[in-house]
Amino acid sequence: MSKKSSKSLAQELDRYITPFRYDGSGKFHLKDHKTNEKGDLDKEKAQEILNANMKRLIAFQEKLYAQDRWSVLIVFQAMDAGGKDSAIKAIFEGINPQGCEVSAFKAPSSKEFDHDFLWRHVVALPERGHIGIFNRSHYEECLVTRVHPEVLAKEKLPSMLVTKNIWKERFEDICAWERYLARNGTVVLKFFLNLSKDEQRERFLDRLEDPSKQWKFSMDDIKERALWPRYQAVYQDIVRHTATPHAPWYVVPADHKWFARVVIGSAIVAALEKLDLRFPRADKASAGEFDEVRKALEKEEKAGKKQKKRKQPHAQ
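Residues numbered from 1 in each chain as written. Predicted model: local features only at pLDDT ≥ 70, side-chain atom pairs only at ≥ 80, totals over all residues. Heavy atoms only, no water.

### Description of the packing of aromatic side chains
For the structure shown, the criterion picks out nine aromatic pairs. Measuring from ring centre to ring centre gives 6.4 Å for Trp258 and Phe259, while their planes differ by 80 degrees; the resulting arrangement is edge-to-face. Comparing Trp258 with Phe259 shows no difference in burial state: the two are buried. By way of ring pairs, the aromatic residues Phe20, Trp258 and Phe259 are connected into one cluster. Here the basic side chain of Arg170 rests over the ring of Phe117, its NZ or CZ set 4.3 Å away from the ring centre. (Phe/Tyr/Trp six-rings, centres within 6.5 Å; stacked < 30°, edge-to-face > 60°. Buried < 20%, exposed > 50% of the residue type's maximum accessible area, 1.4 Å probe, protein only. Lys NZ or Arg CZ within 6 Å of the ring centre and 35° of its normal.)

### Here's the deal with the layout of surface pockets
Of the pockets and cavities examined, the largest pocket occupies roughly 1,200 Å³. Lining the largest pocket are 41 residues, and of these Asp80, Lys84, Lys106, Arg136 and Asp221 lie nearest its centre. Mapped by element, the contributors of at least two residues to the lining of the largest pocket are helix H3 (84–91), helix H6 (144–147), helix H7 (149–154), helix H9 (197–209), helix H10 (219–225) and helix H11 (228–242). The element best represented in the lining of the largest pocket is H10, accounting for four residues. A breakdown of the residues in the lining of the largest pocket according to their chemical character gives 14 nonpolar, seven polar and 20 charged. Considering only enclosed or pocket space, the second largest pocket measures out at about 420 Å³ in volume. Arg21, Tyr250, Ala270, Ala271 and Lys274 are the residues nearest the centre of the second largest pocket, which is lined by 21 residues in total. For the lining of the second largest pocket, the secondary structure elements donating two or more residues are helix H1 (3–14), strand S5 (186–194) and helix H12 (257–273). Classifying every residue of the lining of the second largest pocket gives 15 nonpolar, two polar and four charged. (1 Å grid on protein atoms, 1.4 Å probe; cavity = no way out; pocket = protein on both sides within 12 Å on 5 of 7 lines; lining within 4 Å. Points joined across faces, edges and corners; volume = space filled by probe spheres on them. Helix = DSSP H or I, 4+ residues; strand = E, 2+ residues; numbered from the N terminus. Nonpolar A, V, L, I, M, F, W, Y, C, P; charged D, E, K, R; others polar.)

In short, the description is geometric, and any link to function would need to be established separately.
Structure follows, in structure tokens:
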């Protein structure tokens, strides 16, 4: 990609990235972030950007996989019906599944409860050359466990370690872990899909009306909805204390799914572009070997054509 096209790409996508990016600089209040933002787009224009970003992502992923140096961890967090699943499906359509893994973290198992809170997330990290997607993530360990103290009790931590500072300590541990990942070649991109309570209600009603979506609905969703203010306060605390320059949060307006996908796709493509991904070049020794193999294959092709010509029946 030339410098000119690179600059053009950055200029094109910046308006859909920078307004929603928070890297820990300055104050953060979730109420200051609109959930129904659409930028200057309509659905048709948004689809054009989504399609363009999809092509870019496919091309970048191919180089990422071939180069085998960087890995990318993409984190999705949201309230129920926030649009995580559909965003993953829409943005990563066409991606080579050999180089992309999605991990969906449900309630921890008994085995997972017997390990530290980051353990199950560590073992799911993407290897070099791969994109790893966390559909819910390690942030559940200071979200759900904070809203529901009974979940924290199941982690069987020594009582002397469960103090009023536990959430501050977990934020510190997560920040240190993400810094460690960044220093070892993992690009960390974190997306909080910022949904309004009204839009969540409409999506729940839609699920109840559509037989193909009813399986997604659970009465637990309604119980959690009743705790909306508490979840919002905890999410604000999470973003405020774990956004860093090496692992920023993108607070994505999620009331309009099509705009959310523009923001997410643009941020991912822009981050990959910065890596200056390239296909590996053959060294001199390999280039010499390739030359010999090419000559041998061309010689084989010529011999095959001659043999085929001899076997053709003479015209009567």
